[in-house]
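Below are the chains, spelled out letter by letter.
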Amino acid sequence: MRNITMLVIHCAATPPSMDIGKAEIEKWHRAKGFFGCGYHYVIRRDGRVEKGRAEDVVGAHALNYNSTSLGICMVGGINEGKGFAESNFTDAQWDTLKELVMDIKQRYKGIKIIGHNEVSTKACPCFNVQKWLKSGMKKATENVT
């Protein structure tokens, strides 16, 4: 069993009109040379969770942190038509993210929860995860660019 110490939240860097899921992300990741979807969970626009990699399998989502982390990807995160980072996730996605994070926190005591932007130079997940956690995991509307 892997020693999971971190949960990294991501976005798919897609506009709100692009309703994709694990299958599309898996195709993109395979094109990059990964053996499948690099995330452990994908949260679709309607709030449904699709499982990517099993939790006991190392992800491909946060360089230098994959071996000890789980990755959640929220579909969205880019402004429609302009390509700017934007916290444009649906209420259903926020509800699901909170439920999933609470479940993971229960199973992995002491897990550190971060946004991808805290360990990379990307805007992903396009909102401040630490502020979101402090707010009680309420919908984040402030963009991180």
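From a predicted model like this one, the values you see are computed outputs, not experimental measurements.

A. Examining the side chain of Ser69 more closely. Within the secondary structure, Ser69 is located in strand β4 (residues 69-74). The buried category is assigned to Ser69, whose relative accessible area is 0%. If we ignore the near neighbours within four places in the chain, the residues touching Ser69 are Arg2, Ile4, Met6, Val8, His40 and His61.

B. How the structure looks around the layout of surface pockets. Roughly 480 Å³ of volume is contained in the largest pocket. Lys32, Tyr39, His61, His116 and Lys122 are, among the 25 residues lining the largest pocket, the residues nearest its centre. Looking at the lining of the largest pocket, the element that brings in the most residues is helix α1 (residues 22-31), giving three residues.

C. View of the side chain of Arg53. Here Arg53 lies in the loop between β3 (49-51) and β4. Separated by 2.7 Å, the side chain of Arg53 and the backbone oxygen of Cys37 make a polar contact. Here the side chain of Arg53 touches Val58 through a polar contact of 2.7 Å, landing on its backbone oxygen. Once residues within four sequence positions are removed from consideration, Arg53 is found in contact with Phe34, Phe35, Gly36, Cys37, Gly38, Tyr39, His40, Val58, Gly59 and Ala60.

D. How the structure looks around the sheet that holds strand β2 (residues 41-43). One open sheet holds the five strands; their spatial order is β3-β2-β4-β1-β5, and the pairing between them is mixed. Of all strands in the sheet, those bounded by a partner on one side alone are β3 and β5 (112-115). Put simply, the sheet's adjacent strands are angled 20 degrees from each other on average, direction ignored. Where β2 meets β4, three bridges bridge the pair, whose relative direction is parallel. Directly across from Val42, in β4, lies its bridge partner Cys73. Along the sheet, helix α2 (residues 91-107) makes contact with β1 (6-11), β2, β3, β4 and β5, crossing β4 at roughly 170 degrees.

E. Focus on the nonpolar core. Core analysis: the largest hydrophobic core is formed by 26 residues, its most contacted members being Ile72, Leu97, Val101, Ile104, Phe127 and Trp132. Of all the secondary structure elements, the ones that give two or more residues to this core are β1, β2, β4, α2 and α3 (129-134). A per-element tally of this core places α2 first, with five residues. The contacts of Phe127, once residues within four sequence positions are left out, are Ile9, Met74, Ser87, Phe89, Trp94, Leu97, Asn117, Trp132, Ala140, Glu142 and Val144. Judged by nonpolar contacts, the second largest core, of eight residues, contains Ile25, Cys37, Val42 and Val75.

Cut-offs used in this document
- Residues numbered from 1 in each chain as written.
- Predicted model: local features only at pLDDT ≥ 70, side-chain atom pairs only at ≥ 80, totals over all residues.
- Heavy atoms only, no water.
- Helix = DSSP H or I, 4+ residues; strand = E, 2+ residues; numbered from the N terminus.
- Buried < 20%, exposed > 50% of the residue type's maximum accessible area, 1.4 Å probe, protein only.
- Contact = heavy atoms within 4.5 Å.
- 1 Å grid on protein atoms, 1.4 Å probe; cavity = no way out; pocket = protein on both sides within 12 Å on 5 of 7 lines; lining within 4 Å.
- Points joined across faces, edges and corners; volume = space filled by probe spheres on them.
- Polar contact = N/O pair within 3.5 Å; in protein donor to acceptor, adjacent residues only side chain to side chain.
- Pairing = 2+ DSSP bridges.
- Axes fitted to C-alpha atoms, helices over the stretch in contact; angles between N-to-C directions.
- Core = buried A, V, L, I, M, F, W, Y, C linked by side-chain atoms within 4.5 Å.

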